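Listed below, chain by chain, are the residues.
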Amino acid sequence: LVTFNANGLKGRRRARLLLREASLRKVAVLFIQEHNYGAQGTKALERMAECAGYAACVSPKPETTSRGGTAILLNRNLLELGARAISGKRFVTVE
């Protein structure tokens, strides 16, 4: 279980590095705060997380500010989620 205040993940390079490090360290649950992505960026983060083996629930930053946004990433393999946990939803159920 890891929390990370990203202080901005604008640009995909930093997000990819974070996801690679989380995978290498076998992080089961990653909480990200202040990713600074708007609605379009959250979709990109969800896709990157999915490619790295994580199910992602991502909330964009408020439209009225340049900072904010949170995400919860769940490692599908370590948590044995399989395909039932769906990225992009507001919740993920695990049996």
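Residues numbered from 1 in each chain as written. Predicted model: local features only at pLDDT ≥ 70, side-chain atom pairs only at ≥ 80, totals over all residues. Heavy atoms only, no water.

A.B. asks: Please provide a residue-by-residue account of the sheet that holds strand S3 (residues 54-59), values included.
C.D. replies: Spatially, S1-S2-S4-S3 is the arrangement adopted by the four strands of the open sheet, whose pairing is mixed. At either end of the open sheet lies a strand with only one pairing partner, and these are strand S1 (2-5) and S3. For this sheet the average axis-to-axis angle between neighbouring strands, irrespective of direction, equals 15 degrees. Summarising the sheet, strand S2 (residues 29-33) and strand S4 (residues 70-75) pair through five bridges and their orientation is antiparallel. The residue of S4 that forms the bridge with Gln 33 is Thr 70. Helix H2 (residues 39-51) rests against S3 and S4 of the sheet, and its axis sits at about 165 degrees to S3. (Pairing = 2+ DSSP bridges. Helix = DSSP H or I, 4+ residues; strand = E, 2+ residues; numbered from the N terminus. Axes fitted to C-alpha atoms, helices over the stretch in contact; angles between N-to-C directions. Contact = heavy atoms within 4.5 Å.)

A.B. asks: Hey, could you go over the side chain of Glu 34 for me, with residue numbers and the actual values?
C.D. replies: If you trace the backbone, Glu 34 turns up in the loop between S2 and H2. Using a relative accessible area of 16% as the deciding quantity, one classes Glu 34 as buried. If we ignore the near neighbours within four places in the chain, the residues touching Glu 34 are Asn 5, Ala 6, Asn 7, Gly 8, Arg 67, Gly 68 and Gly 69. (Buried < 20%, exposed > 50% of the residue type's maximum accessible area, 1.4 Å probe, protein only.)

A.B. asks: Tell me what's going on with H2, and back it up with residues and numbers.
C.D. replies: A rise of 1.5 Å per residue sets the reference length of H2, with its 13 residues, at 18 Å; its end C-alpha atoms lie 19 Å apart and thus fit the reference within 8%. Those residues of H2 lying buried are Gly 41, Thr 42, Ala 44, Leu 45, Glu 46, Met 48 and Ala 49. Turning to H2, the residues buried within the fold contact helix H1 (12-24), S3 and S4. After H2 finishes, the residue Gly 53 shows a positive phi value of roughly 95 degrees. (Expected span 1.5 Å × (residues − 1).)

A.B. asks: Any chance you could break down the environment of Glu 50 for me, citing the residues and the numbers?
C.D. replies: Within the secondary structure, Glu 50 is located in helix H2. For Glu 50, a relative accessible area of 35% translates into the label partly exposed. Placed 23 residues apart in sequence, Glu 50 and Leu 73 show a C-alpha to C-alpha distance of 9.3 Å. Here the side chain of Glu 50 touches Arg 76 through a polar contact of 3.1 Å, side chain to side chain. (Polar contact = N/O pair within 3.5 Å; in protein donor to acceptor, adjacent residues only side chain to side chain.)

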